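Structure assessment
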Amino acid sequence: MLKTKYKFNTNSLSFEKSKLTFFEFIIKAISYLSIGAVISAVVIYFAPNYIDQKLNSDLYQMTSKYQIINTKLEQLNLVLKDLTDRDNNIYRVVFEADPIPNSIRGVEKIQQNIKLNSFTNAELMDYTFTSIKSITQQMYVQSKSFDEIVSMAKNKQKILASIPAIMPINSKDLKHVPGGFGWRMHPIYKTTQYHPGMDFTAEQGTPIYATGDGVIQESVMQMQGYGYYVLINHGFAYQTRYAHMCKINAKEGAPVKRGDLIGYVGSTGLSTGPHIHYEVIKNGEPVNPVNFYYNNLTPEEYQIILKLSSSSTPSYD
C-alpha cells in the first residue's frame, strides 16, 4: 500500500495531502513490480539448487552410514562364523552333543563381493535389516548353545559316569565272543540278519554288571525274543540292554551305578546257549558296543575283543 504524503501550502499555511498524478502512480507501481519480479526470479533460480544440494548431501551421508553399518555387520558375521565353527566342531564334540544345524542358527548364504553402492535406497535398507535379523538370531542361538555347553561342563563328571564304559561281564569270565555288531548269520533261522549288539558266552549264572550309572527303565521276563532282559537309561541319550538272563537282579525305576550287579547269564528267549546279548543305544539307534570298553580293558585285551567282534562267526541269538 502506498503511503500518504503531505506538502506545505504557503498560501493557507497548512499541510495538505499530496496527490499523485496518473503517470507518477504508474511509475511507482512498475518499480514495485520490478523489484518483486527480481526477488522472485532469484528465489526461483537458487532455491531448487540449494534444496537439491541439501537432499543429495543428506542422501550421500545416509548411504555412507548404511555402508559403514554393513561393513561392521560383515565383520560381526565373520566373528559369529568362527564361534559357530568352534561350537559345532570343538565344544559340542567334546561333550558328544549334536551340532546345531544352520537352519536353526539362522545362518544364510553370504553373497560375495556385493557392491552396496549399486543398491537403491530401498534395497540397501532391506539388505541391512535382513543382515541385522540374521545376526540377531545367530547370537541368540549361540548364547543358548553356550548355556547348554556350560551346563554340560558342570555335569561332565556325571556324564563320564553315565556313559557305558565297561564290559557287562568280567573279562576273566568271558569264554568267547560268538557274535559281533552288524550283519550276521542267525543261529536259528539260518539267514543273514542285523545283529544290534554283541554276544558274550560265559557260564550259566555268571554275574552281569551295569556298564554305567543310570536308572532301570525296563526289567522284563519273557520266554521269547530277548528272554529275561534289563534296559538301563543312562541319560545323555544313552541306553544299554542286557538280554537272555537266567535271573534278573534289578527293579524298574531303581537307580544303578556302574559295576552294580543287575542279573546273571542265561539262555532265555531266542537263544542257543548261555550268553549275554549286550546293546548300546544312542539317540534311539544301536551303536557298536566295542567302542565303549575303555574303562576296564588293557590295550592288549581291547585288541583281542576288537578282533573277535569283527569275525564272521554266527551269534547266539
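Residues numbered from 1 in each chain as written. Predicted model: local features only at pLDDT ≥ 70, side-chain atom pairs only at ≥ 80, totals over all residues. Heavy atoms only, no water.

The next thing to look at is the overall build of the protein chain. Looking only at helices and strands, the protein chain has five helices and 14 strands in total. The burial tally for the protein chain puts 33% of its 317 residues in the buried class. Intrachain contacts of the protein chain at a sequence separation of at least 6 include 66% that bridge at least 24 residues. Carbon and sulfur atoms make up 60% of the accessible area of the protein chain, which totals about 19,900 Å². (Helix = DSSP H or I, 4+ residues; strand = E, 2+ residues; numbered from the N terminus. Buried < 20%, exposed > 50% of the residue type's maximum accessible area, 1.4 Å probe, protein only. Contact = heavy atoms within 4.5 Å. Areas by Shrake-Rupley, 256 points an atom, 1.4 Å probe, with all protein chains shown as cover.)

Before going further, it helps to examine the packing of aromatic side chains. Taken as a whole and assessed by the stated rule, the structure comprises four aromatic pairs. Plain terms: the ring middles of Phe-200 and Tyr-293 are 6.1 Å apart, the flat faces sit at 70° to each other, and that makes the pair edge-to-face. Of this pair, Phe-200 sits in strand 6 (residues 198-201) while Tyr-293 is found in the loop between strand 14 (285-287) and helix 5 (299-309), placing the two residues 93 residues apart along the sequence. Exposure remark for Phe-200: the relative accessible area of 0% places this residue in the buried category. Taking the relative accessible area as the measure of exposure, Tyr-293 reaches 1% and is therefore buried. Judged by centre distance (5.9 Å) and plane angle (75°), the ring pair of Tyr-238 and Phe-292 falls under edge-to-face. One end of the pair, Tyr-238, is in strand 10 (residues 238-248); the other, Phe-292, is in the loop between strand 14 and helix 5, and 54 residues separate them in sequence. (Phe/Tyr/Trp six-rings, centres within 6.5 Å; stacked < 30°, edge-to-face > 60°.)

General note: in soluble globular proteins, nonpolar side chains tend to be found buried as a group. Core analysis: the largest hydrophobic core is formed by 31 residues, its most contacted members being Ile-169, Phe-200, Ile-208, Val-230, Ile-232, Tyr-242 and Ile-262. Where this core is concerned, the elements lending two or more residues are helix 3 (121-154), strand 6, strand 9 (228-235), strand 10, strand 12 (261-265) and strand 13 (275-282). In terms of residues, this core owes the most to one element, strand 10, which gives four residues. If sequence neighbours within four positions are ignored, Val-230 has contacts with Ile-216, Glu-218, Ser-219, Thr-240, Arg-241, Tyr-242, Met-245, Ile-248, Ala-250 and Ile-262. (Core = buried A, V, L, I, M, F, W, Y, C linked by side-chain atoms within 4.5 Å.)

Within the element layout of this structure, Pro-164 appears in the loop between helix 4 (156-162) and strand 3 (176-179). A residue is classified by how much of its surface remains accessible, and Pro-164, at 0% relative accessible area, is buried. Here Pro-164 is in contact with Thr-211, Gly-212, His-234, Tyr-238, Thr-240, Tyr-278, Val-280, Phe-292 and Tyr-294, once residues within four sequence places are set aside.

Further remarks concern a nonpolar patch on the surface. A cluster of nonpolar side chains, contributed by Leu-76, Val-79 and Met-139, occupies part of the molecular surface with about 250 Å² of accessible area. Secondary-structure assignment places Val-79 in helix 1 (residues 22-94). Judged by its relative accessible area of 47%, Val-79 is partly exposed. (Patch = residues over 30% accessible without salt bridge, like charges linked within 9 Å, V, L, I, M, F, W, Y side chains within 5 Å. Salt bridge = Lys/Arg side-chain N within 4 Å of Asp/Glu carboxyl O.)

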